[in-house]
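In case you want the letters, here they are:
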Amino acid sequence: MRLRGLLACLLALLAAFPLAGCWDRSELEEEAFVLAIGVDKGKESLYTVTFAIAHPGKMAGGGKGGGGGGEDKPLMLTSVEAPTVAGAISMADTYLSRQVSLRHTKALFIGEELARTSGMFTMDEFVRFRQARRTIFYIVTKGKAVDFLKGMEPQLEKDPQRFIEQMTYNVRYTGMIPSASQIQHFVTQVNTGYTSPITYYAALKEEGEEKSAKGTSLSESGYEAGEIPRSGGPNIELLGGAAFRGEKMVGVLNGEDMRMVLMLQDKFRRGLFSIQDPKRSDLFVSMEVHQGRPLRVDVDLSGPQPRIHATVTLEGELLSVQSDTDYTEPELQAQLEHATVGAIEARMITLIRKTQEWNTDVIGFGQAMVQKFPTVAAWEDYRWPERYQNAEIKADVRFTLRRFGKQLSPPRPRGQ
Amino acid sequence: MIREEGHIGLLEGAVLVYAILSAKLFISSPGFLIEAGGPAAWQAALVMTAVGLLALLPLGALVRRFPGQGLFRISEEVGGPFLGGLFTLYVTLWFFANAVNGVRNFTETYIGTVLPNTPPSVLTATAVACMVYASYRGLESICRATQVLLPVILAGILLVLVFSMPRLQISRLYPFWGHGIMATAAGGAYYAGMVGEAVILLALGYSFREVKQVRRAGMIGVALFGLLTALTVAVLVMIFGAPDAAQQPFPLFNLSQLVYLGRFLQRTEALMVMFWFFNVAVRLSLLFHASVVSLTGLLKLPMYRPVIFPMAVLVIATSLLPEDSLVVLRIMRDWLIPAGLGVLFVPAALLALALVRGKGGQSHAT
Amino acid sequence: MKPWQWLTKLLDPAAGAAGKQFSLGDRGDQPAAEDVGPTLLADAQARAEGILTHIDNLLEAGGKGKQALDEAGDLAANLDENVERLKKLFRMPENKDLIIRDLQIATQPPTRAVVCFMEGLTDKIVINDHILKPLMLLAHLDHHVDKEGENGRTAFSIDTLIRRLLPGHQTAEKFDMAAIAESLLAGDTVLFFENEKTAVSVETKSPPGRSVGEPTTEKVVQGAKDAFVEAWRVNVALVRRRLKDPRVVTDILKVGRVSNNYVGLMYIDGVASPKLVAEVRRRIEAIDVDVVNGSGTLEQYIEDAPGSWLPGMMTTERPDRTAAYLSEGNVALLVDNAPYALIAPVTFWTMIQTAEDYYLRWPFGAFIRYMRLFALLVTVLVPALYIAVVNYHHEMIPTELMLFIASTREHVPLPALVELIMMDLSFELIREAGTRIPSVIGSTVGLVASLVLGQAAVEAKLISPLMVLIVAVTGLASFAIPNYVTGFGVRAWRFLILAGAAVLGFYGLAAALFILVIYLAGLRSFGAPFLAPLAPMHSMSADALARGPLYQMEMRPRYARPLDQRRQTEIVRKWDPLAPSSDDQAKGDGQDEGGRS
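Residues numbered from 1 in each chain as written. Chains lettered and ligands numbered in written order. Predicted model: local features only at pLDDT ≥ 70, side-chain atom pairs only at ≥ 80, totals over all residues.

1. Remarks on the overall build of chain C
Broken down by element type, chain C carries 20 helices and twelve strands. Classification of the 597 residues of chain C by burial places 36% in the buried group. (Helix = DSSP H or I, 4+ residues; strand = E, 2+ residues; numbered from the N terminus. Buried ≥ 20, exposed ≤ 12 C-beta atoms within 10 Å, placed from the backbone.)

2. What to know about the interface of chain A and chain B
Each partner contributes to the interface: chain A provides 22 residues, whereas chain B provides 25 residues. Looking at the side of chain A that touches chain B, the elements with two or more residues in it are α8 (183–192) and α12 (376–382) of chain A. For the side of chain A that touches chain B, the residue count by class is ten nonpolar, eight polar and four charged. (Contact = placed C-beta atoms within 7 Å. Nonpolar A, V, L, I, M, F, W, Y, C, P; charged D, E, K, R; others polar.)

3. Describing the interface of chain B and chain C
At the interface, 31 residues of chain B touch 23 residues of chain C. Secondary structure elements with two or more residues in the side of chain B that touches chain C: α1 (10–22), α5 (120–137), α6 (139–163) and α12 (269–298) of chain B. Looking at the side of chain B that touches chain C, its residues break down into 19 nonpolar, seven polar and five charged.

4. Some remarks on the sheet that holds strand β8 (residues 314–316) of chain C
Residue and element names in this part refer to chain C. Across the sheet, five strands lie side by side as β6-β7-β9-β10-β8; this open sheet has antiparallel pairing. Of all strands in the sheet, those bounded by a partner on one side alone are β6 (248–255) and β8. The sheet shows a mean angle of 25° between the axes of neighbouring strands, direction not considered. Relative to strand β10 (residues 341–344), strand β9 (residues 331–335) is paired through four bridges, and the arrangement is antiparallel. Bridge pairing links V331 to A344 in β10. Contacting β6, β7 (261–268), β9 and β10, helix α8 (residues 232–240) crosses the sheet at an angle of about 10° to β7. (Pairing = 2+ DSSP bridges. Axes fitted to C-alpha atoms, helices over the stretch in contact; angles between N-to-C directions.)

5. Description of the sheet that holds strand β3 (residues 171–174) of chain C
Residue and element names in this part refer to chain C. With antiparallel pairing, the five strands of this open sheet are ordered in space as β1-β2-β4-β5-β3. Unpaired on one side and paired on the other, β1 (98–105) and β3 mark the two borders of the sheet. For this sheet, the mean inter-axis angle between neighbouring strands, taken without regard to orientation, is 25°. Direction of pairing for strand β2 (residues 111–118) relative to strand β4 (residues 189–193): antiparallel, over a ladder of four bridges. Within β4, the residue paired with V114 across the bridge is F192. Sheet strands touched by helix α7 (residues 177–186): β2, β3, β4 and β5 (199–202). Its angle to β2, the strand with the most contacts, is close to 55°.

6. Comments concerning the nonpolar core
V237 of chain B together with I387 of chain C are the most contacted members of the largest nonpolar core, which has 335 residues in total. Element by element, the count of residues in this core is highest for helix α19 (residues 484–522) of chain C, at 22 residues. Apart from the residues within four sequence positions on either side, V237 of chain B is in contact with I34, P39, A41, R172, L173, A242 and A245 of chain B. One finds L79, M118, L191 and F192 of chain C within the second-largest nonpolar core, a separate group that totals 26 residues. (Core = buried A, V, L, I, M, F, W, Y, C linked by C-beta atoms within 7 Å.)

7. What about the domain arrangement of chain C?
Residue and element names in this part refer to chain C. What the domain assignment lists for chain C is domain 1 (78–202), domain 2 (232–344) and domain 3 (360–529). Those elements that place two or more of their residues in the side of domain 2 that touches domain 3 are α9 (274–285) and β8. For the side of domain 2 that touches domain 3, the class distribution of residues is eight nonpolar, three polar and two charged. (Domains from an automatic or database assignment.)

8. Observations regarding the packing of helix α2 (residues 29–37) of chain B against helix α9 (residues 212–240) of chain B
Describing two packed helices takes the angle between their axes plus the distance from one axis to the other. All names here are of chain B. Interaxial distance between α2 and α9 falls to 10 Å at its minimum, and their mutual angle equals 70°. Here α2 is positioned roughly perpendicular relative to α9, judged by the angle of their axes. In the packing of α2 onto α9, the handedness of the crossing is right-handed. For the pair formed by α2 and α9, the contact residues are P30, L33 and I34 on the first element and T232, V233, L236 and V237 on the second. Split into classes, the residues belonging to the contact of α2 with α9 amount to six nonpolar, one polar and no charged. (Parallel < 35°, antiparallel > 145°, perpendicular 65-115°, else oblique. Left-handed = near helix turned anticlockwise from the far one by under 90°.)

9. Points about the domain arrangement of chain A
All names here are of chain A. Looking at the assigned domains, one finds that chain A contains domain 1 (29–63 + 70–265) and domain 2 (269–408). The C-alpha-based centres of domain 1 and domain 2 are spaced at 29 Å. Facing the 25 residues of domain 1 at the interface are 26 residues of domain 2. Contributing elements (two or more residues each) for the side of domain 1 that touches domain 2: β8 (236–245), β9 (248–253) and α9 (255–264). The element that contributes the greatest number of residues to the side of domain 1 that touches domain 2 is α9, accounting for seven residues. Taken together, the residues of the side of domain 1 that touches domain 2 break down into eleven nonpolar, eight polar and six charged.

10. Describing the environment of E386 of chain A
Inspection of the secondary structure puts E386 of chain A in helix α13 (residues 384–387). In sequence terms E386 of chain A and T360 of chain A are 26 residues apart; their C-alpha atoms lie 8.6 Å from each other.

11. Examining the environment of I284 of chain C
Residues and elements named next belong to chain C. The topology assignment puts I284 in helix α9. The spacing of I284 and K254 is 30 residues in sequence and 8.4 Å in space, taken between C-alpha atoms. Aside from chain neighbours lying at most four places away, what touches I284 is L253, V255, V263 and I302.

12. Things to note about the confidence of the model for chain C
Residues and elements named next belong to chain C. Confidence along chain C averages 82 in pLDDT terms, with 87% of residues attaining 70 or more. Highest mean pLDDT in chain C belongs to β9 (93); lowest belongs to helix α20 (residues 582–587) (51). A low-confidence stretch, residues 585–597 (pLDDT under 50), is modelled with 13 contacts involving residues beyond four sequence positions or located in other chains. Overall fold confidence (pTM) sits at 0.85, and the ipTM for the predicted complex is 0.91. (pLDDT = per-residue confidence, 0-100.)

Here's what the structure looks like:
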């Protein structure tokens, strides 16, 4: 009897193996892995969804398959028109030999036009669908997402998604993009309402056009994405950010503004500033600036308008001096620091005015405000988002030069 | 009566209580707390812990008056056959309902998150097979297995919380008092029903080596659970924000999907899901075992093993009753948790009756 | 005619055959009844004679006191009768192993005696010099032996004979045929005397056997290199030289009706729990089979759960490990004709310990223990993890690696699961073949062969390259488990968990693991919980999973419930300036609880 029982168990166990094909099991080569999704307003239907699907043989390089030449793209792009993203997936499944899988999707590109009109929550799939996760990067593209995806040429990397991912790391040393913009940040910020989101903003560099700097800033960071005066290199520019109010996009911030935003969010790590030389207005001084003390925000709710006073403490290292002034001397150093403070504060005021114009608290002062309210009901009664545009916001910058590099006085010809 | 069970000690008891309670963290319980308390949900969690600890005091005293006896014997002795039987039936039914709800909830969670195409009957059958086997081997086996698996269970929660640290934003914990102190306290007290499983110590208290360890084991387990709940809820609020987190049926799973540390440690939620399974399996096994043992006592049967198989079939059948995954959650929130509050007060009621009627040996109290 | 004969023989081999082809069965014919009858009849007659003689002796000894009754066996007072019975019992003259030699003891008057012994099991020099020579040649020198008896005949006392004439170091008086047979089969020499109902056995055992050599399966780098042999007396001696304590007890039990194999039960009286010893003894004495001829069979007869995946007793061929376990309160069984000792009770952690852990410094000992635990986890989980990740949870693989795997798998026709099982089975095949190759490097050759095979299979596009790596790592890890039998159990688990993972991904893996842990948690080995001291949680003396410093392992492990818990004083290295001084120690009373429960 026992033997029979054992045999039955063994048979059941052996039967388990063939059963393994029945439900969730799928081999790697049976799935089409979408690495990036682009969403635009559709012509015939609500959306045009573009899938960038990885081509394993060409992308993996090496191996026995052999890497393709320059004209062989490692990604396969296909666009579908559908009322929802899920519908687009289902339609794509019909003409692809493998099943579309969103498990490795890294980035979501939204065309600017769509972002300005209908916003995020009509694409509920990314929150609800189990394959999509909230760590997907949320990037707004200048122009249509499908054009962006078609035109992407990373050049340094084979895999465009790795390229994008690594580009997002440069916030640590330039500070010109948002510190993080994944779907999770977007959704949480919109949902809780303490701040409004800023997302990555990307554009393709058009060949042959070199636009001049926008605005009055003479520094190197006052450009929007796609407008850096350069030639050569990958044609993707991820710079600045797209500012949202709620779920709709309201404006574009350039690299300069993004730095100020990061400083006011206490997330600025380091970045290079070139300011006008206080002694000679046609030359520049470059400094690497990083954050000193943490940000301090004082909120005063007593008056009719809320008053916010933010204090930013920065430290710097002198990198280059073009004139022959020796800024290592104490009075000249103080002058330089003063000039830097002035320049940065001016840019901060520009930024704050921009955001107040758009009436959106992307900087995140709401997070400091909410700490003054004891209950949720009180906070909701106060209606901070509506009061933002009339708030009195003052920003103070403190700056100290700490290090001066390997040279004290600039090397100049003698006798001058 | 059921002497083949073996003996458990203080640490085993505490681990038992902790494991049976902490499986709730992986389904919607944090969501409920956040719904009730808003940003101050962690305070609600602490209130819940306090109520649970309070309810353990009469339990400890009760077990000390009737050492070595299970729930059925105590309630029968204290309340007479009819009233005592009612108490036992209430608690047993509550354990059973929790086991059933747990099985269904677990099936829905797993299908919803990692195994979409698998038919629910397969998952249910596997879970019930684990439960049946564990209950068959006895309480000692389950306790020892829990002890062995404890590092894995703790790692399942703590790793997720630790890896989510880069995303924490303290400002989301404000406004500090949430919806107000009264609302928080009321919510916390209501959800104290979640700690009702601590009464399993009453049902299984006869297995302890020393009676005075029962209360201590329960307190350690409940305190640990309460602390971890407060921590989890606080982290969830800090990452998702209170309104969003309340709308997630499995907030910890979403949290584990967010783990993103550099290029290597990404998308590891399936591994966390595996760690959670151990916790869920232990909880279901213990609930099932407790209801089987209590039912055996109620029906005055000499052995509990034959009751396992009919009960298993009953569990599978009842677990298919709710229509969809949300009904399961609502059943838990609107029925099981308030009933759990009642279960928490059963030891107090029994103790009061025992004092009034003068039953039980005080000399045994150590 | 010769080619014709050859042709007929080819066509019909049985035609010219002399007789029928031999077969043990009856092929439909009636069995020859007369073959069996006489033998059984002779046996029964011999037994009946013995019983009748026994009754006679008992009647005669009745009323003469207890010693007389004890000594009333079934030997007759007639030398020839006794010898005839002995010959019949030992199936002489067909059985040529038993040698019977007549002699005359040189007493006055001379007495007839017969010396019997089994050739091959006895030491001939001892028989010649110390039994035959004194009796035949030197007895006349000793007149105390002669004595006036009743009826005028000379009778001598066997007692005096033994004390004065038999210079053998162990002698015993035997009163019945069964005891005499047992003694002869063990290798003693038995003497029968004229007109005496008592026979004398002298110990002359010298069985053939191996000399002490090196261990074959439990090798250590830095430690003793002697191993058990088949002669169990030598084994006991090997253990005893390591535990020179008078409390070390060796009890001798016999198992098997036909084999009568000796089993030595060793324990330290005062440390080992008496309940444990009594239980082991009880189980061994309950064995009622014909043949038990090795430690493996004995183990299966007395284990708690002979069908379990893991063994309930440990088999070791090293005397130093046996001595160590004896000193912790365990019981050791040394079975004759098996170069192994069986240790009871054991826990799961015993199966993954080796002697080397203790001979090294504790950080390194702890390190290799961790490596072994890691190897255990690897060998059980890695194939299942691979299948679960590659078939169910694709998101866990980093994107570049996943794309690479997908690209290599495009050329492979088989699903991943089939690949894995194929490779695993071929690995097991190579492993088994390697064990049977008659040389010690067989395993190494097998391993290399498997890797080469794997590489060839990859070139033939039958399997993907990652699979070779996985199977090789898993196989290597399984070699790191010291206990041979546990290795089988672990390999079986691997398939179980693989089945779970193949059907339901990580969830199936977790369910299979859970069931496994529950199973382990409920196992007991001679009353000790199998997972102790992890569960139930005894305060561990730093020895189960990892290894602490040797001088801190003061208490014996609790799972065997030893009577004396402390095995070291609290401060062992008193001379060390970093050690706590003794007056500090008086404040806090050592480490763990001292009492038992």
